[in-house]
Amino acid sequence: MQPSGILHLGNLLGALENWKRLQDQYECYFCVADWHALSTNYADTRQIQENIREMLINWLAVGLDPQKCTLFIQSKVSEHAVLHLLFSMIVPIPWLERNPTYKEQQQELSNRDLSTYGFLGYPVLQAADILIYKAHYVPVGVDQLPHIELTREIARRFNNLYKEVFPIPEGLLTEVPKLPGTDGRKMSKSYQNAIYLSDPEPVIREKIRTMVTDPARKRRQDPGNPDVCPVFDYHKIYSSQAVIDQVNRECRTAEIGCIDCKKLMADALIPRMIPIWDKRQELLDHPRRVEEVVSAGTEKAQKKARESLEEIKEAMKI
Ligand code: SF4
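Residues numbered from 1 in each chain as written. Predicted model: local features only at pLDDT ≥ 70, side-chain atom pairs only at ≥ 80, totals over all residues. Heavy atoms only, no water.

**Some remarks on the overall build of the protein**
Piece 1. When its secondary structure is counted, the protein shows 14 helices and four strands.
Piece 2. Seen through its C-alpha atoms, the protein measures out along the principal axes to roughly 75 × 45 × 35 Å.
Piece 3. Out of the 318 residues belonging to the protein, those deemed buried represent 48%.
Piece 4. Restricting the contact set of the protein to residue pairs at least 6 apart, pairs at least 24 apart contribute 76%.
Piece 5. Here the protein has roughly 16,600 Å² of accessible surface; of this, 52% comes from carbon and sulfur atoms.
Piece 6. Measuring between centres, the 41 positive side-chain charges of the protein sit 1 Å from its 43 negative side-chain charges. (Helix = DSSP H or I, 4+ residues; strand = E, 2+ residues; numbered from the N terminus. Buried < 20%, exposed > 50% of the residue type's maximum accessible area, 1.4 Å probe, protein only. Contact = heavy atoms within 4.5 Å. Areas by Shrake-Rupley, 256 points an atom, 1.4 Å probe, with all protein chains shown as cover. Lys, Arg positive; Asp, Glu negative; His and termini not counted. Charge placed at Lys NZ, Arg CZ, Asp CG, Glu CD.)

Written out as structure tokens, the structure is:
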């Protein structure tokens, strides 16, 4: 995960909740991809250290457990860069140019110059991140599947050219419940519609109080449709079945007003946040703990990466 800013509920539900389940099933490596953050944010690196620290605190606060998984920072394991270089010798440029996110992101981030070598080669670095651990599975969203396909192509090409070194990894897709931002659009830092893990209770309550609802429900006495209301999406995730049923019924008959409905939702969400806030505070008070976790994780990742790199170099006769 790129350390591109503070984490929000969308990140928690879209990735971290899934990672928490995976750490109980597989040997997992979770990497703070700070070099990847440079591929689009190379011109302004002022925030990067703070973002790395904040992300690690959040990972630990939501329940990633260093006893069960390995947490590390990409740039501390320089073997990733060496493998990236070796792969760059065998990856044809058209493979990278046809990557759909390459053009999409260039258009989306048109205020930045992304005609760089590093940005084009971003999926090659990603392949190195995955293959250096000989990963079998990579938890991704649908939009990342083309990158995994490229990683598979690179692994196959390497195995064919030199020696069967890499397993062919698979993307691990998970059904993620829909959690829109407070304005109903996708939750994103850039839309300013996100609820952050670090938001204190009054801020969260205020964000919920001003959330958009069913646009057709203009007055208190108008019946609403929870199926088109973002508040109801939150209820479906955080509220009890009894409350979900109540809202689903009473919204349609205008028995419940949006203010009360939102309050019910906030009352369901806040208790889920409290353990995260407590753990965050504990880690903020003891920053050495985060450093120790990262340093142990980096050591473990490095050992594995070094072993792989030896085998890779031997296969390439380098
Ligand atoms: S009552 Fe609740 S579900 Fe219905 S429109 Fe208002 S906020 Fe949305």
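**Here's the deal with the environment of E311**
Piece 1. Within the fold, E311 resides in helix α14 (residues 287–316).
Piece 2. Taking relative accessible area as the criterion, E311 reaches 27% and is therefore assigned partly exposed.
Piece 3. In the structure, E311 is positioned 82 residues away from C229 in sequence and 54 Å away in space, judged by C-alpha atoms.
Piece 4. Engagement of the side chain of E311 in a polar contact is seen with the side chain of K134, the distance being 2.6 Å. (Polar contact = N/O pair within 3.5 Å; in protein donor to acceptor, adjacent residues only side chain to side chain.)

**What to know about the packing of helix α13 (residues 258–285) against α14**
When two helices pack together, you describe them by how their axes are tilted relative to each other and by the distance separating the axes.
Piece 1. Orientation of α13 relative to α14, taken along the N-to-C sense of each, is 90°, at an axis distance of 4 Å. In terms of axis orientation, α13 runs roughly perpendicular to α14. Of α14, the residues touching α13 (which contributes E282, L283, L284 and D285) are P287, R289 and V290.
Piece 2. When the residues that make up the contact of α13 with α14 are grouped by side-chain class, the tally is four nonpolar, no polar and three charged. (Axes fitted to C-alpha atoms, helices over the stretch in contact; angles between N-to-C directions. Parallel < 35°, antiparallel > 145°, perpendicular 65-115°, else oblique. Nonpolar A, V, L, I, M, F, W, Y, C, P; charged D, E, K, R; others polar.)

**Remarks on the packing of aromatic side chains**
Piece 1. Applying the stated rule across the entire model yields ten aromatic pairs.
Piece 2. Ring geometry for F158 against F166: centres 5.0 Å apart, planes inclined by 65°, an arrangement best described as edge-to-face. In this pair, the class of F158 matches that of F166, namely buried.
Piece 3. Among the aromatic residues, those joined into a ring-pair cluster are F87, F158, Y162 and F166.
Piece 4. Sitting over the face of the ring of Y191, R185 holds its NZ or CZ atom 4.0 Å from the ring centroid. (Phe/Tyr/Trp six-rings, centres within 6.5 Å; stacked < 30°, edge-to-face > 60°. Lys NZ or Arg CZ within 6 Å of the ring centre and 35° of its normal.)

**Focus: the nonpolar core**
Piece 1. Counting 58 residues, the largest nonpolar core has L9, W59, Y234 and Y238 as the members making the most contacts within it.
Piece 2. In terms of residues, this core owes the most to one element, α13, which gives ten residues.
Piece 3. Not counting residues within four places of it along the chain, the set of residues in contact with Y234 comprises L9, L179, P180, G181, T182, M187, I195, M211, S239 and M265.
Piece 4. In terms of nonpolar packing, the next biggest core, distinct from the first, is built from 34 residues, W95, L96, I132 and Y133 among them. (Core = buried A, V, L, I, M, F, W, Y, C linked by side-chain atoms within 4.5 Å.)

Treat this as a map of the structure, not an account of what it does.
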